Amino acid sequence: MPAAPAHKRILLKLSGEALMGDDAFGINRATIVRMVEEIAEVVNSGVQVAVVIGGGNIFRGVAGGSVGMDRATADYMGMLATVMNALALADTMDKQGLVARVMSAIAIEQVVEPYVRPKALQYLEEGKVVIFAAGTGNPFFTTDTAAALRGAEIGAELVLKATKVDGVYSADPKKDPSATRYNRITFDDAMAQNLGIMDATAFALCRDQKLPIKVFSIFKHGALKRVVMGEDEGTLVYA
């Protein structure tokens, strides 16, 4: 009999950049399909999955034009980019046999439904993947903060921060070959060492809510499943 997952409900934070693959910006089809295959494996094991997606892959393409722009306006542009990514993710999930619902913090009701917490909880209980778009709906807050906020709101047991590296290191492993990966580290130690796992607002919210963060590589095949099964993968940040 296969082992049961270690977590019943998770929130996965994906950066927009993760969807680019090797492209300069935009969405790489092969990359998004592979990611959804990994998510499908987790959902099919009985885990309830919510996703917060960033918008850097799209916003990067127009970032030059945002120089000198009002910060709030630029942030709203970034939020709309996350809606585009969420739609692409949901469409790919649909083709993989998953049922996904996009919920936006900004009302665009012809395109996606608004974020309503009880409805999101209902979808998760029904085994649907809920994709939270448009960040928190407010400028000056990152999608990391949206992940911490939504994770706390839906009662996730763990926030999974998907990155390009396979965990949190004592230094940048690309610059320092002697850097070591932490298996576990407390919020306080991570802050004291200024490891920059998430932005300060997101990090503080997770710490205050005692919501652990798992940092892992989304580009490492099977890593998401291993995290959910409670295996030694990535770095756990805990209170």
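For the structure given in this document, a descriptive report is provided here. Keep in mind it's a predicted model, so treat the numbers as computed, not measured.

What follows covers the packing of helix α1 (residues 29–44) against helix α3 (residues 71–95). Where α1 contacts α3, the two axes come as close as 9 Å, and the packing angle between them is 60 degrees. Viewed along their axes, α1 and α3 form a crossing whose handedness is right-handed. Taken together, the residues of α3 that come into contact with α1 (itself represented by R29, I32, V33, V36 and I39) are A88, L89, T92, M93 and K95. Residue classes in the contact of α1 with α3 are distributed as seven nonpolar, one polar and two charged.

Its 16 residues place the ends of α1 22 Å apart at the C-alpha level, agreeing with the 22 Å of an ideal helix rising 1.5 Å per residue. Of all the residues in α1, the buried ones are T31, I32, M35, V36, E38, I39, A40, V42 and V43. Those residues of α1 hidden inside the fold are in contact with β1 (9–14), β2 (48–53), α3, β5 (129–133) and α8 (223–228). Here α1 starts with a cap whose side-chain oxygen sits 3.2 Å from the backbone nitrogen of A30, and that cap is N28. Just downstream of α1 lies G46, where phi reads positive at about 100 degrees.

One open sheet holds the nine strands; their spatial order is β4-β3-β5-β2-β1-β6-β10-β11-β9, and the pairing between them is mixed. If you trace the sheet from one side to the other, it starts and ends with β4 (113–114) and β9 (184–186), each paired once. Two elements, strand β3 (residues 100–104) and β4, share two bridges in a ladder whose sense is parallel. Within β4, the position partnered with S104 by the bridge is P114.

Moving on: the nonpolar core. By size, the foremost hydrophobic cluster in this structure holds 42 residues, and its most contacted members are M93 and I131. Going through the elements one at a time, β1, α1, β2, α3, β3, β5, β6 (158–163) and α8 are the ones with two or more residues in this core. Sequence-distant contacts of M93, that is, excluding residues within four places in its chain, are made with V36, I39, V51, L98, A100, V129 and I131. In this structure, A120, Y123, A146 and A147 belong to the second largest nonpolar core, which totals 29 residues.

This part covers unusual backbone geometry. Positive phi outside glycine occurs at A134, with the angle close to 70 degrees. Note that A134 resides in the loop between β5 and α5 (143–153). For A134, a relative accessible area of 0% gives the class buried. One non-glycine residue, N194, lies in positive phi territory at about 50 degrees. Here N194 lies in the loop between α6 (187–192) and α7 (200–208).

As for its position among the elements, T235 is in strand β11 (residues 235–238). Polar contacts involving the side chain of T235 include one to the main-chain amide nitrogen of V168, which spans 2.8 Å. Residues within four places of T235 in sequence aside, it is in contact with G167, V168, R181, Y182, N183, R184, I185, I213, K214 and V215.

Let us look at the packing of aromatic side chains. Evaluated as defined, the whole model comprises two aromatic pairs. Ring centres of Y115 and F132 lie 5.4 Å apart, and the angle between their planes is 85 degrees; on these two criteria the pair is classed as edge-to-face. Taken together, the positions of Y115 in the loop between β4 and α4 (117–125) and F132 in strand β5 put the pair 17 residues apart, joining distant regions of the chain. For the residue pair Y115 and F132, the accessibility class agrees, reading buried in each case. For R101, the ring lying beneath its charged end belongs to Y123, and the centroid distance is 5.6 Å. Over the aromatic face of Y238 sits the side chain of R184, whose NZ or CZ is 4.5 Å from the ring centroid.

Basis of the calculations
Throughout this document, residue positions are counted from 1 along each chain, in the order its sequence is written. Local features are withheld for residues below a pLDDT of 70 in this predicted model, meaning they are given only at 70 or higher, and side-chain atom pairs are given and counted only at 80 or more; totals for whole chains, interfaces and linings count all residues. For the side-chain quantities, the full set of heavy atoms in the structure was used; hydrogens and water were omitted. To get an axis, a line is fitted to the C-alpha atoms, and for a helix only the part in contact is used. The angle between two axes follows their N-to-C directions and goes from 0 to 180 degrees. Runs of E in the DSSP output that reach at least two residues are strands. Runs of H or I that reach at least four are helices, and both are numbered from the N terminus. The hand of a helix crossing depends on one turn: near helix anticlockwise from the far one by less than a right angle means left-handed, and clockwise means right-handed. Contact definition: two residues touch when any of their heavy atoms are within 4.5 Å. Under the convention adopted here, Pro, Cys and the residues Ala, Val, Leu, Ile, Met, Phe, Trp and Tyr are nonpolar, Asp, Glu, Lys and Arg are charged, and Gly plus all remaining residues are polar. One fewer than the residue count of a helix, multiplied by 1.5 Å, yields its expected span. When a residue's accessible area, from a 1.4 Å probe over protein chains only, is under 20% of the maximum for its type it is buried; when over 50% it is exposed; and in between it is partly exposed. Within 3.5 Å is the distance limit for a polar contact, defined as a pair of N or O atoms, with the added protein rule that one can donate a hydrogen and the other accept it, and that residues adjacent in sequence qualify only through two side-chain atoms. Each pair of strands is called paired provided DSSP finds at least two bridges between the two strands. Only buried residues count toward a nonpolar core. Its members are Ala, Val, Leu, Ile, Met, Phe, Trp, Tyr and Cys residues joined through side-chain atoms within 4.5 Å. Only rings of Phe, Tyr and Trp enter the pairing, Trp through its six-membered ring, and a pair is recorded when the two centres are within 6.5 Å. The plane angle decides the type: under 30 degrees is stacked, over 60 is edge-to-face, the rest tilted. Charge-over-ring contacts are defined here by two conditions on Lys NZ or Arg CZ: a distance within 6 Å of the ring centre and an angle within 35 degrees of the ring normal.

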